[in-house]
Amino acid sequence: MSRPREPVKILSLEEQSALEVKKRASMQQETLRLHQQQLSMVQPLEPQEGKEQAALEEVSLEVCDQLERMPSDVCAAFSKLQTFAREVNFRIPTPEVVVVGPQGYGKSSLLEAFFGHSLFLAEKTSRVLQINVVNNQECDTPKCLLKRDTLLKEYDADIEVSVADLPAQISARSKVVNEEPIVLQYEHKSLPNMTIFDTPGLLLDPSDPQSKQVEETVSKWIQPNHRFIVLVRPSSDATIPVTYDYVLDFVKCSDPELTRTTIVYTHFFAQLQMFQTTKSVNKYLACVMPGIESFFVTLPPSSLLHTITDPDSFSKLLLQANRRDLQYLESLHFNQQYQHHVGVPAFSKHLLDRIWKSYNDNIPSVLKHLKQKKIESQKLLDQLHSEMDTFNTSYLRVLATNHIVDVLKIIERLLTGTAEGNPGVWGQTLDQEKAESNTGVWVDSQGIPMTVEENWDVKFPQNKVYGGQQLERLFSEFKAVSTNLNIEYVTSDDVISGSGLHSIPNNLWAACDLARQKSESTFAPLIDHLTERATYIVTRLYDIAEQITLSPKKKATRPRAAIEQYPYFVHHCKDLYTEFVESQAQNCKQKCLEEFYPSKTVYWDLTESNKVESNEDVVELTKSLFEKIKARMTRNILLKFLNFFFLPLQSELWTQLHSKINGLPDKSLEDLFEVGAMRDKMFEEERKLRITIRECDEKESVFLEAAVQFSHPTEEEPEADADPDSATSDS
């Protein structure tokens, strides 16, 4: 019988996660064991003496060029390009490099090898070190400036330190664990501008409580797509299966295709001890090369590097390690195509080449910006010449007429209804209107404020409106207030005084006179308030119209000589408009007050139909007459504001303002437009534009020369000694 098949066990998410952590820890332990085994096989690297030192110095002459940061002519050209970009107000993006990798495998040592001297005392990096490299042609030796550290009170100011003191200063600031970086400004003449971030080492042990925090910190720095990533890891990791490569998977979360990533494998000489045949070493080098920029370096122990303060000795020690790797590879007859991926010099050249390419790709943008600036300046100069040729009284009169016509057209649309003025910005709610108009509130004949209730049916009090809709809201508010008016208290003294001689009392006359008097005293403050509010609403339309004319859409349809260049004329037009609005408002107010004069005729309507004998009858009749007068006054006041205030804004306003502007004498027009000052301003602007165009021409030639020198550097060949005999024969 066949053996029954065991059921497949399906793991939960928690169990899968625990299994992955277990695999990761197991792989890490195996990697550490293999790495320690390799290191135990390697003899420590020491400074050479005697014959070995002399041999090394001979070899140094051959490879010292590899440790040069950048050729002097390229750096000089780069300095010119940077200066030029600042002069034309163009910012060339600074390349940024982030160095990441597991803790204890040489991230910081690789940076020290790149810069050629020590940076750290501690073996562990707890804070991000941000190195702002600045090209300074005056610095033959590095100039280091540590920026103020907000986390430590004792470092609350920038401080310049020597290269020898730099490791101690950085290590002192690294005692505090925080995401805020330590900022170092590093100036040298042989390095281009760039920013390098040295991040804390990744903790491969998932049980470490700081592992997740470090991952989040490092991930934040490598996520921006414009940054280059340098992944530092031990050479033994090159043989780890991709499916279990935690470090590489971490980097792929930010750079999935590894197009921004360069991998540097450290402790290379220890790995080389594992190979005894050409096939084995070539197979190892080939398995990590496809599609990924990779380099193999051997860095001297940090304990040895930190004892060396002389830059030349530091560089020679790096060259010694590099030569030892190459000699061992040559002894195994390795494939020579991998030679350019071995050693710190090869990595430094690759990194500087990427920085150089980044700047080289931006050179056309700078040149395009310069040419565009020249074209725009030439265009402005041509427009200025055209404006200067036509800058006379006739031109100013046309400009003035066009401006006042544009403004009046917009005001007319604002009165009839349009959203062109952006109600959200220029509109007002009822409360905003009352607060900004400074007209106060509605008051009765005694000066007591009147409260507008919510149930009085005032139109859109919470909406932001202007122009005609704002006037409509004001009229509805006036109607609501007047409708809810009550006659003030009528005393017996008022009745007796208004009825005439006691022997021949005329109670009807007294009631009519009292009703007229009470209505006039009640409506007079309302009319004053209505006039002030209406004047404010219409006057502010001029400011809204001006803002519309200054909008980009309106400016695109107008000539360069914009009217805002002439503030005195603009202010004069606004004064004419305000004067007309206030005049119409006062005329309308007077028409409204005339409604009280014919009120006495109500007496003749009551002579036969009303019998008034007592004072109480007079009071009741007065109240009845007041209600009738109130209804008539409310209706007539609104009609008069329509006929004598609103309609003239759409008819007489055009006629009066247009005629006053067209009727200005030439002398007044020139004074309003400040012709003399404007001509001086045009001549000065012309001079500046000519200087700008000339500078653009000069800078373009200088820029092209520097760009060619930067993009296509040439090696200077030593000139041969002239042969006098040969020169004579040629003559």
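Not measured: the values here are computed from a predicted model.

Novice: I'd like a description of the overall build of the protein, backed by residues and values.
Specialist: From N to C terminus, the protein includes 26 helices and 9 strands. Across the 731 residues in the protein, those meeting the buried criterion constitute 46%. Residue pairs in contact within the protein that sit at least 24 positions apart in sequence constitute 84% of those at least 6 positions apart. Here the protein has roughly 39000 Å² of accessible surface; of this, 52% comes from carbon and sulfur atoms.

Novice: Talk me through the nonpolar core; I want residue IDs and the actual numbers.
Specialist: Core analysis: the largest hydrophobic core is formed by 78 residues, its most contacted members being Leu471, Phe569, Tyr577, Ile637, Phe641, Phe645 and Phe673. The element best represented in this core is helix α18 (residues 507-539), accounting for 12 residues. Core analysis: the second largest hydrophobic core is formed by 58 residues, Leu166, Val230, Phe314 and Leu351 among them.

Novice: Please give an account of the packing of helix α13 (residues 393-416) against helix α21 (residues 567-593) that cites residues and values.
Specialist: It is the contact of α13 with α21, at a shortest axis distance of 11 Å, that shows an interaxial angle of 45 degrees. Between α13 and α21, the interaxial angle falls into the category oblique. You can see that α13 and α21 cross each other, and the crossing is right-handed. On α21, the residues that touch Ala400, His403, Ile404 and Ile411 of α13 are Phe569, Val570, Cys573 and Tyr577.

Novice: So what's going on with the pattern of salt bridges? Which residues, and what values?
Specialist: Across all of its chains, the model carries 22 salt bridges by this definition. The residue Lys107 makes a salt bridge to Asp198 at a minimum N-O spacing of 3.5 Å. With a gap of 91 residues between them, Lys107 in helix α4 (residues 107-115) and Asp198 in strand β6 (residues 194-198) connect regions that are remote in the sequence. The two residues Lys107 and Asp198 agree in class, both being buried. The residue Glu686 makes a salt bridge to Arg690 at a minimum N-O spacing of 3.2 Å. Residue Glu686 and its partner Arg690 are both found in helix α25 (residues 675-711); the two are separated by 4 residues, about one turn of the helix. Its relative accessible area of 16% is what places Glu686 among the buried residues. Here the residues in one salt-bridge network are Glu433, Lys434, Arg473, Glu477 and Arg533, joined through shared partners.

Novice: So what's going on with the pairing of strand β3 (residues 143-146)? Which residues, and what values?
Specialist: Alignment of β3 against strand β5 (residues 182-188), held across 4 bridges, turns out to be antiparallel. If you follow Leu145 over to β5, its bridge partner there is Gln185. Bridge analysis of β3 against strand β4 (residues 159-161) gives 3 bridges, and the strand direction is antiparallel. Directly across from Leu145, in β4, lies its bridge partner Glu160.

Novice: Describe the packing of aromatic side chains, listing the residues and the values that go with them.
Specialist: Following the criterion strictly, the structure yields 18 aromatic pairs and no others. For the pair Phe114 and Phe115, a centre-to-centre distance of 5.3 Å together with 85 degrees between the ring planes defines the contact as edge-to-face. As far as the burial class goes, Phe114 and Phe115 line up, both buried. Both rings, one in Tyr284 and one in Phe296, keep their centres 5.8 Å apart while their planes meet at 55 degrees; by these two values the pair is tilted. With Tyr284 in helix α9 (residues 278-287) and Phe296 in strand β9 (residues 293-296), this pair connects stretches of sequence that are 12 residues apart. On the basis of relative accessible area, Tyr284 is assigned to the buried category, the value being 4%. Here a set of aromatic residues connected by ring pairs shows up, and it is made of Tyr265, Phe268, Phe275, Tyr284 and Phe296. Over the face of the ring belonging to Tyr155 we find Arg173, whose NZ or CZ atom lies 4.2 Å from the ring centre.

Novice: Quick rundown of unusual backbone geometry? Include the residues and the values.
Specialist: Of note, Asp457 is a non-glycine position whose phi angle comes to about 60 degrees, a positive value. Among the secondary structure elements, Asp457 is positioned in the loop between α15 (430-437) and α16 (467-483). With relative accessibility at 65%, the residue Asp457 sits in the exposed group.

Novice: Tell me about the side chain of Lys107, and name the residues and values.
Specialist: The buried category is assigned to Lys107, whose relative accessible area is 6%. The contacts of Lys107, once residues within four sequence positions are left out, are Val99, Val100, Gly101, Pro102, Asp198, Thr199, Pro200, Gly201 and Val232.

Novice: Requested: an account of the environment of Cys512, with residues and values cited.
Specialist: Summarising the element assignment, Cys512 is placed in helix α18. For the pair Cys512 and Leu625, spaced 113 residues apart in the sequence, the C-alpha separation amounts to 7.1 Å.

Novice: Could you give me a rundown of the packing of helix α19 (residues 541-549) against α21, with the residues and numbers involved?
Specialist: A pair of packed helices is captured by two measures, namely the crossing angle of their axes and the spacing between those axes. For the pair α19 and α21, interaxial distance at closest approach is 10 Å and the crossing angle is 145 degrees. Where α19 crosses over α21, the handedness of that crossing is right-handed. Within the contact between the two elements, α19 uses Leu541, Tyr542, Asp543 and Glu546 and α21 uses Val570, Cys573, Lys574 and Tyr577.

Novice: Give me α9: which residues, what numbers.
Specialist: Because each turn of an α-helix spans 3.6 residues, side chains separated by three or four positions in sequence point in the same direction. Within α9 the residues assigned to the buried category are Val281, Asn282, Tyr284 and Leu285. An end-on view of α9 places all buried positions within 155 degrees of arc, on one side of the element. Exposed residues on α9 whose side chains face more than 90 degrees from its buried face are Lys279 and Lys283.

Novice: How would you sum up the sheet that holds β9? Please name residues and give values.
Specialist: Two strands in a sheet stick together by hydrogen bonds in their backbones, pointing the same way (parallel) or opposite ways (antiparallel). Strand order across the open sheet formed by 9 strands is β4-β3-β5-β2-β6-β1-β7-β8-β9, with mixed pairing between neighbours. If you trace the sheet from one side to the other, it starts and ends with β4 and β9, each paired once. In this sheet, neighbouring strand axes are inclined to one another by 20 degrees on average, regardless of whether the strands run parallel or antiparallel. Along the sheet, α4 makes contact with β1 (96-100), β2 (129-135), β5, β6, β7 (227-234) and β8 (261-266), crossing β6 at roughly 150 degrees.

Novice: Describe in detail the confidence of the model for the protein, supporting the description with residues and values.
Specialist: For the protein, per-residue confidence averages 79 on the pLDDT scale, and residues scoring 70 or more make up 78% of the total. Per-residue pLDDT, averaged within each element of the protein, yields its smallest value for helix α26 (residues 724-730) (41) and its largest for β1 (94). Every residue in residues 46-67 is under pLDDT 50, and counting partners more than four places away or in other chains gives 21 contacts.

Novice: Tell me about a nonpolar patch on the surface, and please be specific about residues and values.
Specialist: Together, Leu639, Leu642 and Leu647 give the surface a local cluster of nonpolar side chains, amounting to about 230 Å² of exposed area. Tracing the backbone through its elements, the reader meets Leu642 in helix α22 (residues 615-650). Note on Leu642: relative accessible area 36%, which makes it partly exposed.

Novice: Can you break down the state of the cysteines residue by residue, with the values?
Specialist: For the structure shown, the criterion picks out 0 disulfides. The thiol of Cys139 is unpaired, and the distance to the nearest cysteine sulfur, on Cys144, comes to 9.5 Å. Note on Cys139: relative accessible area 10%, which makes it buried.

Novice: Tell me about the environment of Lys409, and name the residues and values.
Specialist: One can find Lys409 in helix α13. What makes Lys409 partly exposed here is its relative accessible area of 42%. For Lys409 and Ala545, which are 136 residues apart along the polypeptide, the C-alpha to C-alpha distance reads 8.8 Å.

Novice: Explain the environment of Asn362 to me, using residue names and the numbers behind them.
Specialist: Its place among the elements puts Asn362 in helix α12 (residues 344-390). Among the residues examined, Asn362 registers a relative accessible area of 18% and is labelled buried. For the pair formed by Asn362 and Arg91, sequence separation is 271 residues and the distance between their alpha carbons is 9.8 Å. A distance of 2.8 Å separates the side chain of Asn362 from the backbone oxygen of Ser358, its partner in a polar contact.

Calculation rules
Residues numbered from 1 in each chain as written. Predicted model: local features only at pLDDT ≥ 70, side-chain atom pairs only at ≥ 80, totals over all residues. Heavy atoms only, no water. Helix = DSSP H or I, 4+ residues; strand = E, 2+ residues; numbered from the N terminus. Buried < 20%, exposed > 50% of the residue type's maximum accessible area, 1.4 Å probe, protein only. Contact = heavy atoms within 4.5 Å. Areas by Shrake-Rupley, 256 points an atom, 1.4 Å probe, with all protein chains shown as cover. Core = buried A, V, L, I, M, F, W, Y, C linked by side-chain atoms within 4.5 Å. Axes fitted to C-alpha atoms, helices over the stretch in contact; angles between N-to-C directions. Parallel < 35°, antiparallel > 145°, perpendicular 65-115°, else oblique. Left-handed = near helix turned anticlockwise from the far one by under 90°. Salt bridge = Lys/Arg side-chain N within 4 Å of Asp/Glu carboxyl O. Pairing = 2+ DSSP bridges. Phe/Tyr/Trp six-rings, centres within 6.5 Å; stacked < 30°, edge-to-face > 60°. Lys NZ or Arg CZ within 6 Å of the ring centre and 35° of its normal. Arc of directions from axis to C-beta. pLDDT = per-residue confidence, 0-100. Patch = residues over 30% accessible without salt bridge, like charges linked within 9 Å, V, L, I, M, F, W, Y side chains within 5 Å. Disulfide = S-S within 2.5 Å. Polar contact = N/O pair within 3.5 Å; in protein donor to acceptor, adjacent residues only side chain to side chain.

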